[in-house]
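# Structure at a glance
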Amino acid sequence: MIKYLNKKTKKLDVWDLGLIKGSVVAATLFLITIWPALMTWVHSVNPWHFLIAFIILVAKPFYRFYLK
């Protein structure tokens, strides 16, 4: 399965990756908009928790791209 995914991933270019990221953002905003309980939860969470999650999630790609 991993070999298959690696083979398919190598066919993607920068534009494809950017479009995937944009579609995830759009889907997230759509879910927050149509699901009132989710929007209430997002508004109730401290914004610093989202920043911390962002830093944790971006740490490895940042390291591999810029420092390695």
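As the structure is a prediction and not an experimental result, all values here were calculated from the model. (Residues numbered from 1 in each chain as written. Predicted model: local features only at pLDDT ≥ 70, side-chain atom pairs only at ≥ 80, totals over all residues. Heavy atoms only, no water.)

A few words on the overall build of the chain. Along the backbone of the chain there are four helices and zero strands. Traced from its N-terminal end to its C-terminal end, the chain shows the element sequence α-α-α-α. At 16 Å, the chain has a C-alpha radius of gyration far larger than the 11 Å of a compact globule built from 68 residues. Expressed as a percentage of the 68 residues in the chain, the buried residues total 3%. (Helix = DSSP H or I, 4+ residues; strand = E, 2+ residues; numbered from the N terminus. Rg over C-alpha atoms; globule rule 2.2 N^0.38 Å. Buried < 20%, exposed > 50% of the residue type's maximum accessible area, 1.4 Å probe, protein only.)

Of all residues in the chain, 100% have pLDDT values of 70 or greater, and the mean over the chain is 93. Model confidence for the chain, summarised as mean pLDDT per element, is weakest for helix α1 (residues 2-9) at 89 and strongest for helix α3 (residues 36-44) at 95. (pLDDT = per-residue confidence, 0-100.)

Let us look at the packing of helix α2 (residues 14-34) against α3. In helix packing, the relevant descriptors are the interaxial angle and the interaxial distance, both defined with respect to the helix axes. Where α2 meets α3, the axes come as close as 5 Å, and the angle between the chain directions of the two elements is 105°. As the angle between them shows, α2 and α3 are arranged roughly perpendicular. Facing Leu 31, Ile 32, Thr 33 and Ile 34 of α2, the residues of α3 in contact are Pro 36, Leu 38, Met 39 and Val 42. (Axes fitted to C-alpha atoms, helices over the stretch in contact; angles between N-to-C directions. Parallel < 35°, antiparallel > 145°, perpendicular 65-115°, else oblique. Contact = heavy atoms within 4.5 Å.)

Summed over all chains, the structure comprises three aromatic pairs. Look at Trp 41 and Phe 50: their rings are 6.0 Å apart centre to centre, the planes differ by 85°, and that puts the pair in the edge-to-face class. Of the residues examined, Trp 41 reaches a relative accessible area of 47% and is grouped as partly exposed. For the ring pair Phe 65 and Tyr 66, a centre distance of 4.7 Å and an interplane angle of 85° mean the geometry is edge-to-face. Across the pair, Tyr 66 and Phe 65 agree in class, each one exposed. (Phe/Tyr/Trp six-rings, centres within 6.5 Å; stacked < 30°, edge-to-face > 60°.)

Together, Trp 48, Leu 51, Phe 54, Ile 55, Val 58, Phe 62, Tyr 63, Phe 65, Tyr 66 and Leu 67 make up an exposed nonpolar region whose accessible area comes to about 1,100 Å². By secondary structure assignment, the location of Val 58 is in helix α4 (residues 47-67). (Patch = residues over 30% accessible without salt bridge, like charges linked within 9 Å, V, L, I, M, F, W, Y side chains within 5 Å. Areas by Shrake-Rupley, 256 points an atom, 1.4 Å probe, with all protein chains shown as cover. Salt bridge = Lys/Arg side-chain N within 4 Å of Asp/Glu carboxyl O.)

On the secondary structure map, Trp 48 appears in helix α4. Of the residues examined, Trp 48 reaches a relative accessible area of 58% and is grouped as exposed. Sequence spacing of Trp 48 and Ala 27 is 21 residues, and the spatial spacing of their C-alpha atoms is 22 Å.

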